[in-house]
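Close look at the chain arrangement
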Amino acid sequence: MKRVVVDPISRIEGHLRVEINVDETTGKVTDALSSGTAWRGIELVAKNRDPRDLWAFVQRICGVCTSTHALAALRAVEDALGIQIPKNANYIRNIMHSALDVHDHIVHFYHLHALDWVSPIEALAADPSKTAQLQENILATYNVSGLEPKEYQDDTSAYPKDYPKGSTQYFSAIQNKIKKIVDSGQLGIFSAQWWDHPDYKLLPPEVHLMAISHYLNILDQQRNIVTPHVIFGGKNPHPHYIVGGMPCAISMNDMNAPVNTQRLAEVDKSISLTRNLVDNFYLSDVLAIGKIYVQAGMVDGGGLSKKRVLSYGGYPDEPYTGISNGDYFKKAVSRANGVVENFGAGVDHATFIPLEGQDLMNPEFLSEEIEHSWFNYPDGTQSLHPSEGITEANFTGPKTGTKEKWEFLDETKKYSWIKSPTFKGKTCEVGPLAKYIVVYTKVKQGIITQPTWAESMIVRQIEAVSNILGVPAHVWMCSTVGRTACRALDAQVAATMSRYFYNKLIKNIKSGDVAVADMTKWDPKTWPEEAKGVGVLDAPRGGLGHWVHIKNGRTENYQCIVPSTWNACPRTIANEHGAYEDTMIDTRVKVPEKPLEILKAVHSFDPCLACATHLYNKEGKKIASVNTDALCK
C-alpha cells in the first residue's frame with residue numbers, strides 16, 4: 001500500500017491537499033482524504049453590517065464565481081424582510097446569473113480542466129490536415145444543439161457567428177507555436193503536469209491539437225460572455241446590485257442611460273456569441289473526448305453521485321414573495337430542489353426526497369458537523385444548523401510531521417478547515433451533475449408532471465448524450481466524464497436561459513414597464529425588530545445557501561454553505577466521506593507517483609476552496625492567527 005500526497009492541487013481557486021492510499025498491484029484507491037488548508041473570516045466581516053450592504057462584502061468570498069454570492073446574499077436579506085423585486089430586476093438578475101454560469105463552466109473546462117485530458121506534447125505529433133477534417137467530423141457527429149424550444153434559438157440573429165477556425169494552415173500555425181514553447185523548455189501555461197502519463201495516449205494526436213487550439217481561442221473570447229455584467233452591473237468581476245432590485249435605470253430614449261437600446265444590443269450580441277461558443281466549441285470537444293473514454297470503459301470517478309446528490313434549482317420565472325415560504329421553488333424554471341439517492345442503480349431505482357422552503361431553516365434537514373474539522377462547537381455539540389453557526393478554532397496539526405511542515409494528515413481525527421455539511425445527517429454531492437440527476441429523476445419518475453422548457457431540455461440533452469456515448473444515463477453520468485459533460489450541458493441550458501430572460505425583458509420594457517427596484521422597504525424603520533432569511537441558488541459549482549439573522553437593523557449572524565463546502569468536506573460523524581473523497585476512492589490509478597486520474601476527478605468538480613471555509617466569532621473578536629499552509633514559512 002502506498003500513501004500519495006498531492007499538495008497543493010493546482011489550477012483551482014484556493015488551497016486544497018489530498019492524500020490517497022493506493023494498492024500498487026491493482027491501482028485501487030482504498031482510502032482518501034480531502035483537506036482545505038486555508039481559512040478566512042467573511043462572517044466576521046458581515047457581523048454588525050447594514051444588511052443592505054451585505055451583498056457587496058460577501059461576494060468578495062471569491063473572485064471567480066463573483067456575483068453568485070451577491071445574488072444569494074440579496075435573496076437572503078429580501079427573504080428576511082419580505083421584499084419582492086420588480087419583473088425587470090428578476091429578468092436582469094437571471095441574465096447575469098446565466099452569463100456567469102456559462103463563463104464559469106467554459107473557463108473551467110478549457111483553462112483549468114482541459115490539460116488533464118489533452119497535452120501540448122501529444123499535439124506535436126498531429127497532422128494539421130487530419131486535424132482540420134477531424135474538427136469538421138466532430139462538429140457534425142457531436143452536435144447536440146437545437147434541443148431548446150425554437151423561440152429561444154438564435155437562427156434570426158443579425159450578429160455573425162464565430163465558428164471554430166479549421167484550416168490546415170491554421171492548425172499548422174498553432175502547432176508551430178506549441179513547438180516553440182516546448183522546445184524552449186519554458187512551458188508557461190502548459191507547465192506542472194505529468195505529460196508522460198499513459199492517459200494522454202488514449203486520444204489521437206489530432207484531438208490534442210484541436211483542443212489546444214480551442215484553449216487559445218476561448219482564452220481570447222471568454223471575456224465577451226460576461227458583457228451583461230458590465231451593462232447591467234457596471235463591471236466584472238463583482239458587479240453592482242441593490243436590495244430590492246437592480247441599480248441600472250432603463251430608458252429607450254436617453255442614450256446616456258445605463259440601459260438603453262444600444263446597450264441592450266450589446267447584451268443580445270453577447271448571448272449569441274455565448275451560444276455559439278457552447279454549441280460549436282465546448283460541447284463538441286467534451287463529447288468527442290468523453291466518447292473515447294467511455295468506449296475504453298473509463299467510467300469511474302462517480303463516487304458519491306451514485307449514492308446521494310442535492311440541488312436547489314433556480315431561475316425564478318417571475319418575481320416571488322419569498323424563499324423560506326416556498327414561493328421561490330414554485331416559480332423556478334429549473335425545479336431541481338431536492339435530494340436523489342441511489343441513482344447509480346438506474347433512474348427507476350432512484351429515490352427522490354423533496355427539499356422545500358421551510359426545510360432550509362430546519363436543522364433536521366441541513367446542518368454542519370465538525371468531527372473531522374479544526375473547530376470546536378460549544379458544550380460538546382457536534383452539529384449546528386448554519387443559521388446558528390459558530391466557529392472556534394481547534395488546529396491540532398498533522399499525524400506526522402510538524403504544524404509548519406506536514407508529512408501525513410490523520411484521517412481518524414481532525415484534518416481540514418472545512419466543516420461537513422449534511423442533509424439529514426448524510427453527505428451529498430452538489431453541482432451540475434447533481435442538478436441533472438435530480439431533474440432527470442423527477443421527470444422520468446413522474447414527480448414533475450408538466451416539465452418547464454428547461455426541464456424538458458435537460459431530459460432531451462441526457463437522452464441525446466446517452467445515444468452518442470452508447471451507454472445508459474446512470475453509467476456515463478456517474479463518472480468523471482459525466483461530471484465534466486454535465487457542466488457543458490448545463491452551459492447550454494444557461495445560454496438558453498440568457499436568451500429566454502432577455503426576450504422577457506425586452507417584451508416587458510416594450511409594454512412600458514421600466515421599473516428596476518422596489519424601495520418601499522429600503523428604510524430600516526419599516527423592518528421588523530428581528531428577522532431571519534435564506535438565499536439559495538444553483539451556482540456554477542452547485543447548491544449555494546446563505547443564511548442571515550437581522551436584529552435591530554444590523555446583521556446579527558451570517559453563514560454560508562457553499563458548493564465546495566459540500567464537495568470538499570471531510571468525513572462525517574457517521575464516517576461518511578465527502579464527495580471529493582468518495583470520488584477518489586472510486587477512481588483507479590495507473591501510476592501512483594503520478595496520479596493524473598485523481599487530478600482529473602477532483603478537477604471535474606471545479607474546486608473553489610476560497611469559498612469553502614467560513615469563520616465567525618459571536619463576540620466579534622479575533623480568534624487566532626494560524627499559519628495553515630505547510631508550504632509557507
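Residues numbered from 1 in each chain as written. Predicted model: local features only at pLDDT ≥ 70, side-chain atom pairs only at ≥ 80, totals over all residues. Heavy atoms only, no water.

An unreviewed UniProt entry lists the protein chain under the name Hydrogenase, with Veillonella montpellierensis DNF00314 given as the organism. Its UniProt record gives the protein chain a comment under Subcellular location (unreviewed entry), which states: "Cell envelope". Under the Subunit (unreviewed entry) heading, UniProt states for the protein chain: "Heterodimer of a large and a small subunit." (UniProt positions renumbered as here; feature names shortened; annotations may be inferred.)

Running from N to C, helix α8 (residues 205-221) and helix α10 (residues 261-295) point in directions that differ by 155 degrees, and their axes come no closer than 11 Å. Judged by the inter-axis angle, α8 sits roughly antiparallel to α10. For α8 against α10, the interelement crossing comes out left-handed. Contact residues: α8 offers Val207, Met210, His214, Asn217, Ile218 and Gln221, while α10 offers Leu273, Leu277, Phe281, Asp285 and Ile289. Class assignment of the residues belonging to the contact of α8 with α10 gives a composition of seven nonpolar, three polar and one charged. (Axes fitted to C-alpha atoms, helices over the stretch in contact; angles between N-to-C directions. Helix = DSSP H or I, 4+ residues; strand = E, 2+ residues; numbered from the N terminus. Parallel < 35°, antiparallel > 145°, perpendicular 65-115°, else oblique. Left-handed = near helix turned anticlockwise from the far one by under 90°. Contact = heavy atoms within 4.5 Å. Nonpolar A, V, L, I, M, F, W, Y, C, P; charged D, E, K, R; others polar.)

On to the sheet that holds strand β4 (residues 308-311). Here three strands make up an open sheet; going across it, the order is β4-β7-β8 and the pairing antiparallel. Two strands bound the open sheet, and with one partner strand each, they are β4 and β8 (351-353). Averaged over all adjacent pairs, the angle separating strand axes in this sheet is 20 degrees, with direction ignored. Two elements, strand β7 (residues 338-341) and β8, share three bridges in a ladder whose sense is antiparallel. Pairing of Val340 across the sheet is with Phe352, part of β8. Along the sheet, helix α12 (residues 432-444) contacts β4, β7 and β8; its crossing angle with β4, the most-contacted strand, is approximately 95 degrees. (Pairing = 2+ DSSP bridges.)

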